[in-house]
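These are the residues of each chain, in order.
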Amino acid sequence: METEELLKKVRRIEIKARGLSNNIFAGEWQTAFKGRGMAFSEVREYQYGDDVRDIDWNVTARFDHPYVKVFEEERELTVILMVDVSGSLDFGSDGMTKRQMATEVAATLAFSAIENNDKIGVIFFSDHVEKFIPPKKGRKHILFIIRELLTFQPQSQRTNIGEAVAFMTNAIKRRCTVFVLSDFFDPKDYSQELQIANRRHDVVAVQIYDKRMQELPNVGLMKVKDAETGDELYVDTSSKRMRRAHHEWWVSTQHRLEEELTHARVDCVHLRTDEDYVKGLMGLFRMRK
């Protein structure tokens, strides 16, 4: 991608993402993803029912009367975007690929975080962690992330969600909000890694998918290729049995995903590439209030 073209794309995404975060998601972000950490606020006299572990012994000794520390929720968050860069994200049947939508959604979430004075970091993953951008603040950092989202080329085309989630859990010590942006096409079981991660952090799944994963068009004989393995085959889409089998596979895959996310207590939003992702994100934000 030429430098001039890249700058235009970065600017276009910045304008759209910043506009959404300022005009549509303003106020929604803080209530949906408020800080879970606790920061010291003040001391006050001990009251019946207070936790004795909160007693400030230095102040208590000074005034010869029990005082307790009062804490308040930290408003500053650390946000981690885990972005799937495997081969299957390059697919798109209606003008926008899954990777393009993932880029716009990630940029919108990043600007929403920055507008609330939160830190933002990114993990690009395939079947391993391809790149880790540590959390920072500021517009310059956001623009660097958008450039990486637009231009990053993975070494592998395959997917391993569990390994990426385990890396995040070990790498990020302080509690944070984690968005996993993926189509979740991974035959391996990653439910245990999600459960462990969601105990320490606040994990949210953002599934990005194409309508053709739900239903095949009736266009006769069609050559299809697995973007992750390179395997090719011909599919007779004029066959009702074939189209029905494909749809049943999709329903089964989604059911498995929902079971794993529910078991791990991970919230999820499903975004289709030919639909407005703003409505989906707004629904997610309101669900978490």
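One can find the structure itself at the top, above this paragraph.
Note that this is a predicted model, so its numbers are computed, not measured. For every chain, the first residue of its written sequence is number 1, and the numbers climb from 1 along that sequence. Where totals are concerned, whole chains, interfaces and linings use all residues; where local detail is concerned, this predicted model gives features only for residues with pLDDT of at least 70, and gives and counts side-chain atom pairs only at 80 or more. By convention in this description, side-chain values take in all heavy atoms of the structure and omit both hydrogens and water.

Caption draft 1: Highlighting the overall build of the protein. Helix numbering and strand numbering both begin at the N terminus, where a helix is a DSSP run of H or I of at least 4 residues and a strand a DSSP run of E of at least 2. From N to C terminus, the protein includes ten helices and ten strands. Along the first, second and third principal axes, the C-alpha atoms of the protein reach 85 × 45 × 35 Å. Each residue is placed in one exposure class: buried if its accessible area under a 1.4 Å probe, protein chains only, is under 20% of its type's maximum, exposed if it is over 50%, and partly exposed if it falls in between. By the burial criterion, 48% of the 289 residues in the protein qualify as buried. Pairs of residues are marked as contacts when any of their non-hydrogen atoms sit within 4.5 Å. Put simply, 74% of the contacts in the protein that link residues at least 6 apart link residues at least 24 apart.

Caption draft 2: Fine view of helix 10 (residues 277-287). For helix 10, every residue scored as buried is listed here: Tyr277, Val278, Gly280, Leu281, Met282, Leu284 and Phe285. Taken together, the buried residues of helix 10 touch helix 1 (3-23), helix 2 (28-32), helix 4 (98-115), strand 6 (177-182), strand 7 (202-209) and strand 10 (267-272). Polar contacts, as used here, are pairs of N or O atoms within 3.5 Å; protein pairs need one atom able to donate a hydrogen and one able to accept it. Residues neighboring in sequence count only if both atoms are side-chain atoms. The N-cap of helix 10, judged by a side-chain oxygen 3.0 Å from the amide nitrogen of Val278 a few residues on, is Asp276.

Caption draft 3: Local environment of empty space enclosed by the protein. A 1.4 Å probe that fits but cannot get out identifies a cavity on a 1 Å grid over protein atoms alone, an open set with protein on both sides within 12 Å along at least five of seven lines counts as a pocket, and a residue lines either if it has an atom within 4 Å of a point. Grid points are joined across faces, edges and corners, and a volume is the space filled by probe spheres set on the points. Enumeration according to the criterion identifies one cavity of 30 Å³ or more in this entry. By volume, the largest cavity is sized at about 50 Å³. Lining of the largest cavity is provided by Val83, Val85, Arg99, Ala102, Thr103, Phe124, Leu149 and Phe152. Each residue receives one of three labels: charged for Asp, Glu, Lys and Arg, nonpolar for Ala, Val, Leu, Ile, Met, Phe, Trp, Tyr, Cys and Pro, and polar for the others, Gly being one of them. Class assignment for the residues of the lining of the largest cavity results in six nonpolar, one polar and one charged.

Caption draft 4: The nonpolar core, seen in detail. Counting residues in each nonpolar core, the largest one holds 48 residues, and the members touching the most others are Trp29, Phe33, Leu81, Val105, Ile120, Phe179 and Leu271. Broken down by element, this core gets its largest block of residues, ten residues, from helix 4. Residues within four places of Ile120 in sequence aside, it is in contact with Val79, Leu81, Ala110, Ala113, Ile114, Pro134, Pro135, Lys136, His141, Ile142 and Ile145. Formed by 23 residues, the second largest nonpolar core is a distinct cluster that contains Ile80, Met82, Phe184 and Cys268. Here, nonpolar core refers to any group of buried Ala, Val, Leu, Ile, Met, Phe, Trp, Tyr and Cys residues whose side-chain atoms link them within 4.5 Å.

Caption draft 5: Representation of the environment of Gly283 in the model. Secondary-structure assignment places Gly283 in helix 10. Taking the C-alpha atoms as reference points, Gly283 and Val269, 14 residues apart in sequence, are found 8.1 Å from one another.

Caption draft 6: View of the environment of Asp202. With respect to the element layout, Asp202 can be found in strand 7. Spatially, the C-alpha atom of Asp202 lies 31 Å from that of Arg44, the residues being 158 residues apart in sequence. At a separation of 2.3 Å, a polar atom in the side chain of Asp202 contacts the side chain of Arg288.

Caption draft 7: Molecular detail of the pattern of salt bridges. By convention in these notes, a salt bridge is any Lys or Arg side-chain nitrogen within 4 Å of a carboxyl oxygen on Asp or Glu. Counted under the stated rule, the structure contains 17 salt bridges. Across the pair Glu104 and Lys16 runs a salt bridge whose closest N-O atoms are separated by 2.8 Å. Of this pair, Glu104 sits in helix 4 while Lys16 sits in helix 1, and the two are 88 residues apart along the sequence. Accessibility expressed as a relative area gives 15% for Glu104, which makes it buried. For the salt bridge of Asp90 with Arg99, the shortest nitrogen-to-oxygen distance reads 2.6 Å.

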